[in-house]
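Each chain, letter by letter, is given below.
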Amino acid sequence: MTPVPVAVLVSGGGTNLQALLDALGAGSAVARIARVVSSRGNAAALDRARRARVPVAVLADPTDAAEVVAAAADARLVVLAGYLKRVPPAAVARFRWRLINIHPALLPAFGGDGMYGRRVHQAVLASGVALSGATVHYVDEEYDRGPILAQWPVPVRADDTPDSLAARVLEVEHRLLPAAVLALARLGVPERPVRLVPDGSAFVVADHPTVRLGDAG
Ligand code: GRF
C-alpha cells in the first residue's frame, strides 16, 4: 500500500502538525505528510516541518483558490491544522470530501467566523456547559460548518480558565486528528462523508474494521 500523501495547512504554532508528524512518523505505510503549507511566512509550524524534512510552501495570497490548490495539488487528503484563513470556495470544491479541519470545541456549537483560539474557550465557559471537546469536520464554504467526521468530549471543570480548558482540549486534539487522518487514509479517503464513532478507546467506521485511537501509522 502506497502511503496516502497528506498536505497540512497551518498558520501558527503547529502543535497539531507536530502530533501528525509524530503519529505518521517517517515509516508510516498508511499516510505521509507530503507538504506543509502556511498562510504566514513566520509561522512556527514551518520550523517543525523543516525539522522533519517535510517540504514547505508559504501562500502569497490565501484567498487565491488557484494558489491554494496548486500548493496542495499532490495530496490526496488536505488537513487544516491551526489554519486561520477561509479556504476559497473553488478550492473547497476541488478537494470536496478530502479537506478536513480540527476545531477546539464540539461543533456545531462554539464555531463559525471569528471563533478560534481563546475566544472559543471563553464562550464555552461563559455558556456554562459541562462538556467541551474537539471536532474534526469536513470543510465546506463556511467556517466550521461541514459534516462532522469525529468528536471527542472534554469535561469542563468548575475552576477552569480559558487557558486550562484550552490545554486539556489541545491534548485531545493531538490524539483525535491523527486518528481521524489515519482512519481516512486506511479507507483510501472516500469521496463521500464518513463518520468515525468512538467505541471505547477505538473509532469504529461504519462497515469498516475498527480503527483504534492512537494506532501507529
Ligand atoms: C488549535 O486549538 C486548533 O484546534 C485550532 O488552532 C489551535 C492551534 O493549533 N484550529 P496549532 O497549535 O497551531 O496546531
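Residues numbered from 1 in each chain as written. Predicted model: local features only at pLDDT ≥ 70, side-chain atom pairs only at ≥ 80, totals over all residues. Heavy atoms only, no water.

Our next topic: the overall build of the protein. Helix and strand counts for the protein come out as six helices and 10 strands. Expected size for 217 residues packed as a compact globule is a radius of gyration near 17 Å; at 16 Å, the protein falls within 12% of this value. If you line up the protein on its principal axes, its C-alpha atoms span 45 × 40 × 30 Å. Charge separation in the protein, taken as the distance between the mean sites of 23 positive and 20 negative side-chain charges, equals 4 Å. (Helix = DSSP H or I, 4+ residues; strand = E, 2+ residues; numbered from the N terminus. Rg over C-alpha atoms; globule rule 2.2 N^0.38 Å. Lys, Arg positive; Asp, Glu negative; His and termini not counted. Charge placed at Lys NZ, Arg CZ, Asp CG, Glu CD.)

Mapped onto the elements, H121 comes out in helix α5 (residues 118-127). For H121, a relative accessible area of 3% corresponds to the buried category. In contact with H121, other than residues within four places in its own chain, are P104, P162, L165, A166 and V169. (Buried < 20%, exposed > 50% of the residue type's maximum accessible area, 1.4 Å probe, protein only. Contact = heavy atoms within 4.5 Å.)

With that settled, consider the packing of aromatic side chains. For the coordinates displayed, the defined rule picks out one aromatic pair. Their ring planes at 85° and their centres at 5.2 Å tell us that W97 and Y138 sit as a pair that is edge-to-face. Of this pair, W97 sits in the loop between α4 (89-94) and β5 (99-103) while Y138 is found in strand β6 (residues 131-138), placing the two residues 41 residues apart along the sequence. (Phe/Tyr/Trp six-rings, centres within 6.5 Å; stacked < 30°, edge-to-face > 60°.)

With that out of the way, let us pick up the site of the ligand. Looking at the ligand, the residues that line it are G13, G14, T15, N16, G82, I102, P104, L170 and E173. Computed on the free molecule, the ligand has an accessible area of 370 Å², of which 82% lies beneath the protein chains in the complex. Listed by contribution, the elements that provide at least two residues to the shell around the ligand are α1 (15-24) and α6 (162-186). Grouping the constituent residues of the shell around the ligand by class yields three nonpolar, five polar and one charged. (Near = heavy atom within 4 Å. Areas by Shrake-Rupley, 256 points an atom, 1.4 Å probe, with all protein chains shown as cover. Nonpolar A, V, L, I, M, F, W, Y, C, P; charged D, E, K, R; others polar.)

This brings us to the pattern of salt bridges. Evaluation of the coordinates by the stated rule reveals eight salt bridges. Close ionic contact of E191 with R98 constitutes a salt bridge, the shortest N to O distance being 4.0 Å. Of the two residues, E191 is situated in the loop between α6 and β8 (196-199) and R98 in the loop between α4 and β5; the sequence distance between them amounts to 93 residues. The closest approach of N and O atoms between R168 and D160, which form a salt bridge, is 2.6 Å. Each member of the pair, R168 as well as D160, carries the same accessibility label: buried. Beyond isolated ion pairs, a larger network of salt bridges with shared partners links R76, R98 and E191. (Salt bridge = Lys/Arg side-chain N within 4 Å of Asp/Glu carboxyl O.)

Below, the discussion takes up the nonpolar core. Within the largest apolar cluster, 45 residues are counted, with the highest numbers of intra-cluster contacts made by V8, L17, I33, V36, I100, L149 and L177. The dominant element in this core, judged by the number of residues it contributes, is α6, at 11 residues. A7, Y83, F95 and L99 belong to the second-largest nonpolar core, a separate cluster that totals 20 residues. (Core = buried A, V, L, I, M, F, W, Y, C linked by side-chain atoms within 4.5 Å.)

Reading across the sheet, the seven strands line up as β3-β2-β1-β4-β5-β6-β7 and stay open at both edges, with mixed pairing between neighbours. With one partner strand each, in any of the chains shown, β3 (56-58) and β7 (148-155) form the two edges of the open sheet. Ignoring strand direction, the axes of neighbouring strands in this sheet form an average angle of 20°. The sheet contact formed by strand β1 (residues 4-10) and strand β4 (residues 77-80) spans four bridges and is parallel. (Pairing = 2+ DSSP bridges. Axes fitted to C-alpha atoms, helices over the stretch in contact; angles between N-to-C directions.)

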